[in-house]
Amino acid sequence: MPWSPSRGALRGRVALVAGATRGAGRGIAAALGEVGATVICTGRSSVTGTIRSDYDRAETIEETAELVTDLGGTGIAIQVDHLDPVQVRRLAERVRDEHGRIDVLVNDIWGAERLKGGPADWNTPIWRHDLDAGLRILRLGVETHLITSHHLLPLVITTSGGLLVEVTDGTTAYNAARYRISVFYDLTKAAVNRLAFSQGHELAPYGATAIAITPGWLRSEIMLDNYGVTEENWRDALRPNRPAGYPTAPHGFTASESPRYVGRAVAAVATDPDRARWNQQSLTSAQLAREYGFTDIDGSQPDSWA
C-alpha cells in the first residue's frame, strides 16, 4: 500500500520555516502542511517586492504559503530579511503576539547558490576566490541562522517538546572527510551541522531538540531550470542529445530527490514523540526515510549519499 502523510498529525502546532521561498524550504513547509501544521513562511522574495533577494527569480513566500494551505495546513507568509536583526526581532514579536509559541523552527536560510558558482568555479583556492563573495556566503549561510535562533528560540522553549531543524549540505561525518567546493562553502556547511550540535546542548534542559538535516541531490527549482526540465519530466535530463544550452545530467541524478522528501523527513521527526533521541545529530533525508517509512512524492526512497 503506498505511503501517505498522517493528515492532521500536527494540527494546532505552529511551525516557522525561515527561508521558505523555494528549494528545501518550500519542500519542508509543504510537508508540514501535509500533516496539518500552521506554517509561517518567511523569506525575502514576496509579491510586495519591498526586499531584494540575491536571486532574480519568480518564486515567492506567498506561493509557498498557498501550497501549505492547499495541502491541508495553514500557510502564513511574512516577508523577512534574516540578515537584519531588527526585522527578525519584529518577526519574533509578531509570532509571540499572534501564536504565543513556535513548536518547530526550521533554519533553512541560504541564498548563496549563485555565489558558490557552478562546477567550473569549484576548487578555487581561497587566495583566488572573490573575497566579498566568499564572506557573503558565510553571512547568508551562517549569520542568518544565528540571528534567527537568537530571536526565535525563546518561542521554541516556552513549552517542552520544541524542535529546531538546521538545514545544511552533507552530514558531519561526510563533510569532515571531504573538501566541499570552496573554503567558504565548506566552512558554511560544516558550521551549520555544528550549530545543531551546540544549540541541541543548550536546548536539552528545556525539553527541546535540535537536529541538522541534509537532503541529497535536490531537484530544486534552480536545479530543474539548469537542466531545462520540470518535476514532472525530470528524468528527461538524463537523456543524451539534450536541447541546445542544456547539459545531460550525470547518472547520479537518478537518485535525486524532490524538496518534499526532506520536508517529510522534518515532518516525521516533528510528529515523533520520541524525537529527543535525535538531539544534536546530523541526519539525511534518506536515513530518516528508512527509519520512519515515508517516501518521496513518486513513492521512492532515493539516497544520493549512498
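Going by the structure above, here's the rest.
Residues numbered from 1 in each chain as written. Predicted model: local features only at pLDDT ≥ 70, side-chain atom pairs only at ≥ 80, totals over all residues. Heavy atoms only, no water.

S.K.: Help me out: how do you make sense of the overall build of the protein chain in this one?
M.R.: A tally of regular secondary structure across the protein chain gives 10 helices and 7 strands. The C-alpha atoms of the protein chain give 18 Å as radius of gyration, which agrees with the globular expectation for 306 residues (19 Å, within 12%). Within the protein chain, the fraction of its 306 residues that count as buried is 54%. For the protein chain, restricting intrachain contacts to residue pairs at least 6 apart in sequence, the fraction spanning at least 24 positions comes to 72%. Of the roughly 13,600 Å² of accessible surface on the protein chain, a fraction of 52% belongs to carbon and sulfur atoms. (Helix = DSSP H or I, 4+ residues; strand = E, 2+ residues; numbered from the N terminus. Rg over C-alpha atoms; globule rule 2.2 N^0.38 Å. Buried < 20%, exposed > 50% of the residue type's maximum accessible area, 1.4 Å probe, protein only. Contact = heavy atoms within 4.5 Å. Areas by Shrake-Rupley, 256 points an atom, 1.4 Å probe, with all protein chains shown as cover.)

S.K.: When you look at the packing of helix α1 (residues 23-34) against helix α2 (residues 61-70) in this model, what are you seeing that I'm missing?
M.R.: When two helices pack together, their arrangement is captured by the angle between the axes and the distance separating the axes. Where α1 meets α2, the closest approach of the two axes is 8 Å, and the angle between their N-to-C directions is 25°. Classified by the angle between their axes, α1 and α2 sit roughly parallel to one another. Crossing of α1 over α2 shows right-handed handedness. Seen from α1, the contacting residues are R26, A29, A30 and G33; seen from α2, they are E63, T64, L67 and V68. Of the residues in the contact of α1 with α2, the class split is 4 nonpolar, 2 polar and 2 charged. (Axes fitted to C-alpha atoms, helices over the stretch in contact; angles between N-to-C directions. Parallel < 35°, antiparallel > 145°, perpendicular 65-115°, else oblique. Left-handed = near helix turned anticlockwise from the far one by under 90°. Nonpolar A, V, L, I, M, F, W, Y, C, P; charged D, E, K, R; others polar.)

S.K.: What should I look at first to understand the packing of aromatic side chains in this one?
M.R.: Any two aromatic rings considered together are summarised by their centre-to-centre distance and by the angle between their planes. Tallied over the entire structure, the rule returns 8 aromatic pairs. An angle of 85° between the planes, with centres 5.5 Å apart, marks the rings of W234 and F253 as edge-to-face. One end of the pair, W234, is in the loop between α8 (221-227) and α9 (259-270); the other, F253, is in the loop between α8 and α9, with 19 residues separating them in the sequence. For the pair W234 and F253, one class covers both residues: buried. Residues Y261 and F294 carry aromatic rings whose centres are separated by 5.6 Å and whose planes lie at 70° to one another, so their mutual orientation is edge-to-face. On the criterion of sequence distance, the pair formed by Y261 in helix α9 and F294 in the segment after α10 (285-292) is long-range, its members being 33 residues apart. (Phe/Tyr/Trp six-rings, centres within 6.5 Å; stacked < 30°, edge-to-face > 60°.)

S.K.: So what exactly am I meant to see when it comes to the pattern of salt bridges here?
M.R.: Pairing between side chains becomes possible if they bear opposite charge and their charged atoms approach one another. Going through the model one piece at a time under the given rule, you end up with 21 salt bridges. When the shortest N-O distance is used, the salt bridge between R89 and E93 registers 3.1 Å. Here E93 and R89 lie together in helix α3 (residues 85-98), a separation of 4 residues that amounts to about one turn. Looking at E93, the relative accessible area reads 34%, which means it is partly exposed. In this structure, the salt-bridge partner of D236 is R239, at a minimum N-O distance of 3.4 Å. (Salt bridge = Lys/Arg side-chain N within 4 Å of Asp/Glu carboxyl O.)

S.K.: Before we go on, may I ask you to explain α3 in this structure?
M.R.: One turn of an α-helix holds 3.6 residues; hence residues three or four places apart share an orientation. Between the first and last C-alpha of α3 there are 20 Å, a value that for 14 residues agrees with the 20 Å anticipated at 1.5 Å per step. Buried within α3 we find V88, L91, A92 and V95. Along the long axis of α3, the arc covered by the buried residues comes to 100°, so they all point the same way. In α3, those exposed residues whose orientation departs by more than 90 degrees from the buried face are R90 and D97. (Expected span 1.5 Å × (residues − 1). Arc of directions from axis to C-beta.)

Taken by themselves, the reported measurements are silent on function.
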